4 protein chains.
Amino acid sequence: MSSTYGKNLKIAIFGQSHSEAIGVTMDGLPAGFSIDMDELQSFMNRRAPGRDKYSTPRKEADKPDFISGLVGNVTCGAPLTAIIKNTNTRSSDYDNIRDIPRPGHADFTAHVKYGGFEDVSGGGHFSGRLTAPLCIAGGIVKQILAESGITVDAVIKEIGGNSEDPYRAIEKARGRGDSVGGIIECTVNGLPAGIGNPMFDGVENNIAKAVFAIPAVKGIEFGRGFDAGRICGSENNDEFYYEGEQVRTRTNNHGGILGGITSGMPVVFRVAIKPTPSISIQQNSISYSRGEDDILRVRGRHDPCIVPRAVPCVEAACAIALYDLILDI
Amino acid sequence: MSSTYGKNLKIAIFGQSHSEAIGVTMDGLPAGFSIDMDELQSFMNRRAPGRDKYSTPRKEADKPDFISGLVGNVTCGAPLTAIIKNTNTRSSDYDNIRDIPRPGHADFTAHVKYGGFEDVSGGGHFSGRLTAPLCIAGGIVKQILAESGITVDAVIKEIGGNSEDPYRAIEKARGRGDSVGGIIECTVNGLPAGIGNPMFDGVENNIAKAVFAIPAVKGIEFGRGFDAGRICGSENNDEFYYEGEQVRTRTNNHGGILGGITSGMPVVFRVAIKPTPSISIQQNSISYSRGEDDILRVRGRHDPCIVPRAVPCVEAACAIALYDLILDI
Amino acid sequence: MSSTYGKNLKIAIFGQSHSEAIGVTMDGLPAGFSIDMDELQSFMNRRAPGRDKYSTPRKEADKPDFISGLVGNVTCGAPLTAIIKNTNTRSSDYDNIRDIPRPGHADFTAHVKYGGFEDVSGGGHFSGRLTAPLCIAGGIVKQILAESGITVDAVIKEIGGNSEDPYRAIEKARGRGDSVGGIIECTVNGLPAGIGNPMFDGVENNIAKAVFAIPAVKGIEFGRGFDAGRICGSENNDEFYYEGEQVRTRTNNHGGILGGITSGMPVVFRVAIKPTPSISIQQNSISYSRGEDDILRVRGRHDPCIVPRAVPCVEAACAIALYDLILDI
Amino acid sequence: MSSTYGKNLKIAIFGQSHSEAIGVTMDGLPAGFSIDMDELQSFMNRRAPGRDKYSTPRKEADKPDFISGLVGNVTCGAPLTAIIKNTNTRSSDYDNIRDIPRPGHADFTAHVKYGGFEDVSGGGHFSGRLTAPLCIAGGIVKQILAESGITVDAVIKEIGGNSEDPYRAIEKARGRGDSVGGIIECTVNGLPAGIGNPMFDGVENNIAKAVFAIPAVKGIEFGRGFDAGRICGSENNDEFYYEGEQVRTRTNNHGGILGGITSGMPVVFRVAIKPTPSISIQQNSISYSRGEDDILRVRGRHDPCIVPRAVPCVEAACAIALYDLILDI
C-alpha cells in the first residue's frame with residue numbers, strides 16, 4: 001500500500017469511504033503561503049457529490065478541517081494535515097459485496113491483496129471519495145502555481161463518444177440504469193521551459209504516475225498522443241521560431257514536453273475515464289463463500305458518469321506532479 | 001536529472017550517446033540468480049541498430065560488459081553494473097545542432113535546462129541509445145520473472161496507421177526521407193492476482209512511469225483504454241466467474257488491473273510511439289547564436305521508424321516496473 | 001521539511017505543539033493485524049507528561065483517535081491515521097519567544113528556515129510533543145515485531161553522569177531550576193541474522209536516522225561504540241562459535257551488526273540525550289525586533305529531565321527503523 | 001542491498017573488492033561545474049592504500065576513469081559515472097574465508113543474507129575498498145561546496161586512546177600483529193543557517209546515515225555529544241548574541257545544529273572507528289562446511305589502523321549528506 005506521492009512535496013492520502021475521516025498530509029509546502037479558503041472550497045465543490053442531477057444524491061459538505069500546518073490560514077512550514085469527517089454513510093448498502101465482488105471495482109483485487117481484511121464499506125480506500133483529499137492538496141498547489149502565473153485547467157472533451165453534447169450521453173445512460181465514460185483534456189499554461197528530467201523522471205512520467213491515482217483512469221496521452229503513432233515525422237515535428245526573444249513552436253504536437261522537459265509551450269494531455277462500474281443493471285459475478293458463480297445487484301447511490309467530477313481531480317493530480325518537479329530546481 | 005527508477009530494485013542508467021560508455025547499475029537483485037548471457041544478448045539484439053534495412057546503419061555490438069555484481073554469471077547480492085563502450089561514433093555529424101535545435105528532439109529543452117553545458121553529440125543522455133542499458137536491466141529482470149512463469153511480450157500493432165502491413169508504411173516513409181510512428185501492445189501473462197497498490201503506487205502508475213522513460217513514447221492505455229471512455233459500464237465491466245478454483249473475468253477490458261492491483265488476468269497495455277524526429281527533409285528551426293529563425297538539415301544516420309526497435313524496450317520497462325512491485329510483498 | 005520516514009512502512013508525522021491536533025499516518029502496515037489498544041495506551045503512557053514529579057505538570061491523556069486504517073481494531077491494509085487532539089495548551093506562555101529565541105531550542109533555526117512564519121507556540125512542530133505520534137507508530141510496530149519474538153527494550157543508563165541513582169541527579173537539577181541530560185541504552189532481542197544492507201542502508205544507518213528524529217538526541221553508538229576507537233582489534237573482534245546449530249559470538253562488541261547486517265546477536269546501542277533546554281534560570285539571548293542582545297526568562301511548564309520520557313521514544317524509533325528493514329526481504 | 005544515497009543528488013556505489021571495477025554514479029549534479037581533476041586526485045590519494053608504512057602494501061593508483069557525465073572536465077547535466085579498475089588483486093588470499101568467517105568482518109552476515117552466493121574475495125562489496133568511489137563522489141561535492149565557501153575538514157582526534165601521539169599507538173599495534181581504532185572529528189565551516197529539516201530529515205539524521213556507510217564506524221556524536229548527557233542545561237545551552245548583524249552562539253555545544261537545522265555556527269561531529277578486524281593474530285571462528293568451531297589465521301595485506309585513511313571518507317560522506325540537504329532549498 002502506498003498512497004504517498006512526491007519527492008519534494010510529499011502528499012500522503014488516508015481514509016476509507018466509511019472510516020471516521022479521510023484526509024491528506026502535505027509535507028514540503030513553503031512557509032508563509034496564505035491559502036484562499038473560499039477559492040479552495042469552490043475548487044472542492046467542483047468535485048463534490050450531489051450538486052446536480054447527474055451525480056450521486058449522497059450530499060456532503062467536503063469541507064476540509066485543517067488540524068496542522070497553519071497559523072491562521074498561513075502555512076508555517078510544518079506538515080499540513082486536513083481531514084474531512086465522513087458523514088451520511090450507509091454501510092449496509094455494501095453488505096452483499098463482502099461476498100460478491102462488483103465487476104469493474106477493486107473489490108476482488110483488494111480481497112486478494114488484503115486477505116479478506118479490507119474495508120469493503122463504500123469501496124474502502126479504493127473509493128472515488130478518496131479523490132476529495134487529492135483535491136484539497138491539488139487545490140492548494142494550484143493556488144501556489146497561480147502565484148507564478150501557472151494555470152491548470154481541464155475540460156470534458158467527450159462522454160460516451162459524444163463530444164457535441166456530453167450531458168445527453170449521461171442522460172441516456174442514466175435512463176437505462178447504466179453508466180458511461182469519457183475523455184478529459186488538461187492544459188497547463190505559463191510553465192517556463194526547463195522543468196522536468198530525462199528518462200524516468202520527466203514531466204510525462206510524473207503526470208502519468210499521479211493521474212493514474214484517480215480511480216477509473218485507464219489511459220493518458222500527451223500532445224498529439226496516440227495519433228502521433230499514425231503520422232509522419234514531417235507532420236509531427238513542431239518547428240521552432242522566435243516570437244521576440246521567446247522560443248516557440250508553430251504547432252504543439254509535442255504537448256509542451258520534449259525529452260521529459262518542458263519547452264515553454266502549453267503542456268497538454270488527455271485522460272481516458274472508464275464508465276462508473278456501479279450500475280443498477282444486474283451483473284454476473286461470484287460468491288467467495290459458496291465458491292461458485294453468482295448474480296449481483298448493486299444497491300446504493302451512484303453516479304451514472306463520474307467524468308464531470310473527475311475534471312478537478314485531473315487538475316489536482318497534474319498540479320501536484322508539476323509542482324514537485326518545479327521544486328527540483 | 002534523475003535517470004533512476006525503483007524502490008526495491010533500483011535501476012540507475014548513465015551515459016551519453018558519445019561518452020566513453022553507457023551503462024546501468026541494478027541494486028537489489030536477488031543473490032544466486034544465474035544470468036543466461038546468450039538469452040540476454042538475443043534480447044539486446046532485438047533493440048540493436050543496423051540489423052535490417054529499416055534501422056540506422058550505425059553498427060554496434062551492444063555487448064554488455066559486467067564490471068560488478070557477478071561471480072561468474074551468478075548474482076552475488078552486490079549492485080550489478082554493466083557497461084557498453086561507445087564506438088563508431090561520428091560526433092562531427094552533430095556540430096550544427098549545437099546552435100540549431102532539431103524539431104521534435106530534446107536539443108532545445110536540454111539547452112534551457114543545462115544552460116548550454118549539455119552534451120549535444122548524438123543527443124547526449126537523451127539519445128535513444130540509452131535504451132540499450134534499459135534493455136540490459138529489463139532483459140535480466142525478464143529472466144527472473146520467467147522463473148516464476150511470468151512472461152512479458154510486446155508486438156507492433158500498427159505503424160503509420162497501417163496494422164495490416166506495418167513495414168510497408170516504413171518503406172514509404174523512408175523513400176520520402178521522412179519517418180513514421182506506431183503503436184505497440186504489450187501483454188504480461190502469468191502474473192498472480194494481488195500485485196500493486198491503490199492510488200499513487202498501482203500497476204498502471206508504475207508501468208506508465210517506466211514506459212515514458214523510452215524517448216518517443218507519447219501515450220499509454222491499459223485494457224480497453226481510451227475506448228473505455230466511449231462505451232457504457234454494462235459493456236466495459238468484466239464479469240467474474242470461476243474456472244475451477246480460479247477467479248477469472250469473461251472479458252479483459254480492465255487490462256488485468258483493478259484499483260491498481262492485478263486481477264490475475266493478463267496485463268495488457270498499448271503505447272504510442274511518435275515518428276523519429278530525425279528526418280532528412282529540411283525543417284525550420286532557430287539559431288541560438290544569431291537569435292533568429294534558421295533552417296536545419298539533419299545529417300547523420302537515422303531510423304525511418306524506431307517502432308520495431310522500441311518493442312523490446314517496452315518489454316524491458318514493463319518488466320522492471322512489475323518486478324519492483326512484486327518485490328513489495 | 002520532511003517528517004516522513006521509511007521505504008516499506010512509510011511514517012508521516014504531523015502537528016504542532018498547539019495546533020488542533022497532532023498525529024501520524026502509517027502507510028504499509030500488513031492487513032489483518034489486531035492492535036492491542038490497552039497495550040498501546042500503556043506504551044503511550046510511558047511517554048506522557050505529568051505522570052510523576054519529575055515531568056512537566058501539563059496533563060494530557062495522549063489517547064490516539066484512529067480515524068482511518070482500521071476495521072474495529074484490525075488493520076485493513078489502508079493507511080492508518082491516528083490523531084491526538086491538543087488540549088490544555090497555554091499559548092500565551094510562548095509570547096516572548098516570538099522575539100527572543102530560547103538557547104538550545106530550534107526557535108532561531110526555525111525562524112531562519114521558515115522566514116518568521118513558523119508556529120512558535122510551544123515549539124511548534126519541533127516540540128517534544130511530536131514524539132507522541134512517534135510512539136503511536138512505534139508502539140504498533142513493537143506489537144508486530146513481538147509476534148515474531150522480537151523485543152525492543154530501552155533503559156536509562158545514566159543521568160547527569162550518575163549511573164547509580166539517576167533520579168537523584170534530576171532532583172538536584174530541579175532544585176536549581178536547571179535541567180539535566182542522560183544516556184539511554186536500547187537492546188533488541190530475537191532479530192534473525194541477515195537483516196539490513198551494506199553501505200548506506202544498513203541497520204546502523206537507519207536506526208541512527210530514525211533516532212535523531214527525537215529532539216535532544218546528540219549522539220548514538222552501537223555495540224562497543226566510541227570505546228571501540230580506543231582498543232585493539234584482538235580485544236574488539238567478537239569470535240564466532242556454534243551453540244548447537246546456531247552461530248553466536250562470545251562477546252558482542254559489534255552490537256549485533258556487521259557490515260550493516262544483523263548477526264543474530266542482540267542489537268545494542270546507546271543514545272545521548274542533552275539536558276532539556278528550557279530552564280528557569282535567566283539566560284542571554286537576542287531580540288530579533290531590536291536587533292540586539294537581550295535577556296530571556298523562560299516561563300511555562302518544563303521537565304527538568306526528559307530522559308525518562310525519551311526511553312519509549314528510543315524504542316519507538318528503533319522499532320520503526322528495524323521493521324522497515326525487515327520488510328525489505 | 002542498497003548502496004544508494006540521496007534525494008536530490010543520488011549517489012549509487014557499485015563494485016566488489018576483486019570485481020573488474022568499482023565505481024559510482026552521481027545523478028543530480030549541476031550542469032556546468034568544472035571538476036579540478038588534480039585536486040580530486042589529491043583528495044583520493046589521502047584515502048589510497050600503500051602511501052606510508054602504516055597502511056596495507058597493496059598499491060593502487062585509485063585513479064577514476066570518467067565514463068559519462070562530462071564534456072571535457074565539465075559536468076553536462078547527465079549522470080556522472082566514474083570507475084576504478086581493480087588491479088593487483090590476490091584472490092587466493094581469501095580462499096579460506098569462504099568457509100571460515102573472519103571475526104569483526106561482514107563475512108558471516110553476508111553469508112546469511114546472500115545465501116552463500118556472496119563474493120568473498122577481499123570482502124566483496126563490504127570491503128573498505130568501496131570507500132574509493134565514496135571519495136570520488138565526496139571529492140567532487142567538496143569542490144562544489146567550496147565554491148560557496150563551505151569547507152569540510154576532518155582530523156584524527158585519538159588513536160587507541162592516545163590523543164597525543166596517535167601514530168605511536170599504530171606502531172605498537174603493528175608490532176604485535178594487532179590493530180587499533182580511533183576517533184575522527186569533522187568540522188564544517190561556512191554553512192549558512194537554515195539548512196536541514198525537523199524530525200527524520202535533519203542534518204544529524206542525514207550525516208549519520210551517510211557516515212555509517214563507512215565500514216568500521218560504530219558511533220557518531222554532534223557538538224558536545226555523549227558528554228551532553230552528563231551535564232546541566234545551564235552549561236549545555238549555547239547563548240545567542242549578535243556579532244554585527246550575524247547571530248552567533250558563545251559556545252557550540254549544539255554542534256551547529258538545532259532542531260535538525262543549521263544555526264550558522266560550525267557543524268562539528270565525531271566518529272568512532274573500530275580497530276581493523278583483520279589481524280595477524282590467530283582467532284577462534286567456525287567452519288560452515290564442518291559445522292563446528294575452527295581456528296582462523298588471516299593472510300593477506302592489511303592496515304594495522306585504517307583511521308588515517310578513513311579521514312577523507314568521513315569528509316566525503318559528510319559533504320554528500322550536506323549537499324543533498326542544501327539542494328532541498
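The present account deals with the structure reproduced in this document. All of these numbers come straight from a predicted model, not from anything done at the bench.

## Some thoughts on the pairing of strand β12 (residues 246-249) of chain A
All names here are of chain A. Only one face of β12 is buried: it carries Val247 and Thr249, and the other face, with Gln246 and Arg248, is open. Examined bridge by bridge, strand β11 (residues 240-243) and β12 share four bridges and lie antiparallel to one another. In the sheet register, Tyr241 faces β12, and the bridge partner there is Arg248. Here β11 folds back onto β12 in antiparallel fashion, the turn holding two residues, of which Gly244 has a positive phi close to 65°.

## Quick notes on the packing of helix α3 (residues 131-147) of chain C against helix α7 (residues 307-326) of chain C
Residue and element names in this part refer to chain C. In contact at an axis separation of 8 Å, α3 and α7 are set at 55° when each is read in the N-to-C sense. As the angle between them shows, α3 and α7 are arranged oblique. When the axes of α3 and α7 are compared, the crossing they make is left-handed. Of α7, the residues touching α3 (which contributes Thr131, Leu134, Cys135, Ala137, Gly138, Val141, Lys142, Ile144 and Leu145) are Pro312, Cys313, Glu315, Ala316, Ala319, Ile320, Tyr323 and Ile326. Taken together, the residues that form the contact of α3 with α7 break down as 13 nonpolar, two polar and two charged.

## So, the sheet that holds strand β9 (residues 182-189) of chain D
Taken together, the eight strands give an open sheet; going across it, the order is β8(C)-β9(C)-β15(C)-β10(C)-β10(D)-β15(D)-β9(D)-β8(D), and neighbouring strands pair in antiparallel fashion. One side of each edge strand has no neighbouring strand; the edge strands of this open sheet are β8 (151-159) of chain C together with β8 (151-159) of chain D. Within this sheet the neighbouring strands show an average axis-to-axis angle of 20°, counted without direction.

## Thoughts on the relation of the copies chain C and chain A
With an RMSD of 0.0 Å, chain C superimposes on chain A once it is rotated by 180° and translated 0.0 Å along the axis. Seen this way, the second copy is the image of the first under a two-fold rotation axis. Among all C-alpha atoms of chain C, that of Ala12(C) lies closest to the rotation axis, at 3.9 Å.

## Here's the deal with helix α7 (residues 307-326) of chain D
Compared with the 28 Å implied by 1.5 Å per residue over 20 residues, the 28 Å span of α7(D) between its first and last C-alpha is a close match. Burial runs high along α7(D): 19 of the 20 residues are buried.

## Observations concerning the sheet that holds strand β3 (residues 21-27) of chain A
All names here are of chain A. Taking strand neighbours across the sheet as the criterion, the five strands line up as β1-β2-β3-β7-β4 in an open arrangement whose pairing is antiparallel. For this open sheet the edge positions go to β1 (4-5) and β4 (65-68), each flanked by a neighbour on one side alone. Bridge analysis of strand β2 (residues 10-14) against β3 gives five bridges, and the strand direction is antiparallel. From the neighbouring strand, Ala12 faces β3, where its bridge partner is Thr25. Along the sheet, helix α3 (residues 131-147) contacts β2, β3, β4 and β7 (80-85); its crossing angle with β3, the most-contacted strand, is approximately 35°.

## A few points about the relation of the copies chain A and chain B
Once chain A is rotated about the relating axis by 180° and shifted along it by 0.0 Å, it coincides with chain B to within an RMSD of 0.0 Å. A shared interface surface links the copies, since 100% of the contact residues of chain A are contact residues in chain B too.

## Structural notes on the interface of chain A and chain B
Taken residue by residue, the interface counts 99 residues in chain A and 100 residues in chain B. Summing both sides of the interface, chain A and chain B together bury roughly 7800 Å²; the carbon and sulfur share of this comes to 63%. The interface formed by chain A and chain B holds eight salt bridges in total. The residue Arg250(B) makes a salt bridge to Asp293(A) at a minimum N-O spacing of 3.9 Å. On inspection of chain A and its partner chain B, the count reaches 43 residue pairs in polar contact (both at pLDDT 80 or more). Two strands pair when backbone bridges link them, and strand β10 (residues 217-222) of chain A and strand β10 (residues 217-222) of chain B are joined in this way by three bridges, in the antiparallel orientation. Across the sheet, the residue bridging to Gly219(A) is Glu221(B), located in β10(B).

Thresholds applied
Residues numbered from 1 in each chain as written. Chains lettered and ligands numbered in written order. Predicted model: local features only at pLDDT ≥ 70, side-chain atom pairs only at ≥ 80, totals over all residues. Heavy atoms only, no water. Buried < 20%, exposed > 50% of the residue type's maximum accessible area, 1.4 Å probe, protein only. Helix = DSSP H or I, 4+ residues; strand = E, 2+ residues; numbered from the N terminus. Pairing = 2+ DSSP bridges. Axes fitted to C-alpha atoms, helices over the stretch in contact; angles between N-to-C directions. Parallel < 35°, antiparallel > 145°, perpendicular 65-115°, else oblique. Left-handed = near helix turned anticlockwise from the far one by under 90°. Contact = heavy atoms within 4.5 Å. Nonpolar A, V, L, I, M, F, W, Y, C, P; charged D, E, K, R; others polar. Least-squares fit on C-alpha atoms with pLDDT ≥ 70 in both. Expected span 1.5 Å × (residues − 1). Buried area = accessible area lost by both parts, 1.4 Å probe. Salt bridge = Lys/Arg side-chain N within 4 Å of Asp/Glu carboxyl O. Polar contact = N/O pair within 3.5 Å; in protein donor to acceptor, adjacent residues only side chain to side chain.

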